[in-house]
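# An overview of the molecular structure
These are the residues of each chain, in order.
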Amino acid sequence: MPAPQFHLTFGEQVAHHTEIAPEVRRAVANEPVYTHLGSIFHDLPYYGNMVAEAVRYFARRPAIDAPWAYRMHCIRPDRFVASFVRAARLVPGLTHDERLALVGGLLSHCALDLTLHPLVNYCARRDTATYGGFESFHHRITEKYHALFFHLERFGEDVIGQPEFYQKTRVVKRTSLARANAEPQIIAFMQEAYRGAYGNAPSGKLWSGWVRSFRHFGLMVGNKLAAANSKKKRKDDRLLERYHRCGEFDFDAFFVHSERRLVELVNLAWRYFEAADFSAEAEDRFCLEAHIDNLAEPDGLGLPPLPELPAIVTRPRRKIIRLPRRPHLDPADQHAASA
Ligand SMILES: [Zn+2]
């Protein structure tokens, strides 16, 4: 999961690529809410409990496991995309633009994960080996700085800390900050997309809870405190060198492939959507052409080479399990033991 702000921006970019089918570009421009939903759909399960996640982040703890996110990223992610496109085409109650915005957004997520995860994984593993700590913590930090320097270099400003950012984290049309809620046709669509690939789906309540939590994330990072942090960090050249550009790699050399894959994948999904042939053979053909092998650990074919990872530094660690000196017995148990 590159950082959510990066996925949201990259989804919007579908509207600006002249090589992408004009129908999809128009839909993405007309339907920003569903474009954003498509672009973050794979990562929504990570927003199960925003408060717990935030505490873990500040304590440098590993991220909470999210089984639904794991499935979409790693268990036949191509089949999931095929099912998502089919549901976008067939589920009743959505407009044509809404359907195509969902598809454009989702494929943008795939394009970014497939082309940036090799670099993110490299940086996270390098830092875990060098400095210790949890890989998933270094993973999130790497993604945070990729997003920061990307936005600065491309648009001259970060999205984090801007009040408008909060609006982008509203990814369904019927929403409430307090209650988990979403329009019924989007719940039906979500369940159909999941079921077509995995046979089952999160409940509407669970899923709208993730959606609401994602808005809470928007509130947390759309404020002055986050803006001040972004302004401070961007001046630190060591961060730029560590994550973005140094003698060993250049973020831009990976990002050109993100844009190339974006055009390829969105056009391919659009043709699949338009043809509306969802037979097993057509699905196999789509999966073969899409080559969405694994969004978390992509094979990285065609991407720039990365250096070898450093050897892991072993330090004496605190014991993970500490046994109490004397077995502690409940008075009731003691009584039972002596009886
Ligand atoms: Zn992802």
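Residues numbered from 1 in each chain as written. Predicted model: local features only at pLDDT ≥ 70, side-chain atom pairs only at ≥ 80, totals over all residues.

## Observations concerning the overall build of the chain
Looking only at helices and strands, the chain features 16 helices and 0 strands. In the chain, which comprises 339 residues, the proportion classed as buried is 41%. In the chain, the share of contacts with a sequence separation of at least 24, taken over all contacts with a separation of at least 6, comes to 81%. (Helix = DSSP H or I, 4+ residues; strand = E, 2+ residues; numbered from the N terminus. Buried ≥ 20, exposed ≤ 12 C-beta atoms within 10 Å, placed from the backbone. Contact = placed C-beta atoms within 7 Å.)

## Points about the confidence of the model for the chain
Residues at a pLDDT of 70 or more form 87% of the chain, whose mean pLDDT is 89. Scored below 50 in pLDDT, residues 327-339 makes 2 contacts in the model with residues more than four places away or belonging to other chains. (pLDDT = per-residue confidence, 0-100.)

## Things to note about the environment of G11
Inspection of the secondary structure assignment puts G11 in helix α1 (residues 4-12). Under the C-beta neighbour-count criterion, G11 is labelled buried, with 30 such atoms within 10 Å. Distance in space between the C-alpha atoms of G11 and A111 is 10.0 Å, their sequence separation being 100 residues. Once you skip the residues sitting within four places of it in the chain, G11 turns out to touch T35, H36, G38, S39, G105 and S108.

## Observations concerning the nonpolar core
Core analysis: the biggest nonpolar cluster contains 76 residues, and V24, V81, V85, V103, C110, V266 and A269 have the highest contact counts within it. Sequence-distant contacts of V103, defined by excluding residues within four places in its chain, comprise G38, V85, A88, A269, W270 and F273. (Core = buried A, V, L, I, M, F, W, Y, C linked by C-beta atoms within 7 Å.)

## Considering unusual backbone geometry
The phi dihedral of A276 falls on the positive side, at around 55 degrees, and the residue is not glycine. Among the secondary structure elements, A276 is positioned in the loop between α14 (251-275) and α15 (280-290).

## Quick notes on the packing of α1 against helix α3 (residues 32-40)
When two helices pack together, their arrangement is captured by the angle between the axes and the distance separating the axes. At their nearest, the axes of α1 and α3 sit 8 Å apart, and the two run at 125 degrees to each other. As far as their axial angle goes, α3 and α1 are oblique. Seen from above, α1 lies across α3 with right-handed handedness. Contact with α1, carried on its side by P4, H7, L8, F10, G11 and E12, involves T35, H36, G38, S39 and I40 of α3 and no other residues of that element. (Axes fitted to C-alpha atoms, helices over the stretch in contact; angles between N-to-C directions. Parallel < 35°, antiparallel > 145°, perpendicular 65-115°, else oblique. Left-handed = near helix turned anticlockwise from the far one by under 90°.)

## A word on the environment of H117
As for its placement among the helices and strands, H117 is situated in helix α7 (residues 96-131). Given 24 C-beta atoms within 10 Å, H117 falls into the buried group. The spacing of H117 and N294 is 177 residues in sequence and 9.9 Å in space, taken between C-alpha atoms. Ignoring anything within four residues of it in the chain, the contact list for H117 reads L295, A296 and P298.

## Quick look at the packing of helix α6 (residues 77-90) against α15
Put simply, α6 and α15 touch, their axes get as near as 10 Å, and they point 125 degrees apart. Between α6 and α15, the interaxial angle falls into the category oblique. Between α6 and α15 lies a crossing whose hand is right-handed. In contact with D78, R79, V81 and A82 of α6, α15 contributes E283, F286, C287 and A290. Across the contact of α6 with α15, the residue classes break down as 5 nonpolar, no polar and 3 charged. (Nonpolar A, V, L, I, M, F, W, Y, C, P; charged D, E, K, R; others polar.)

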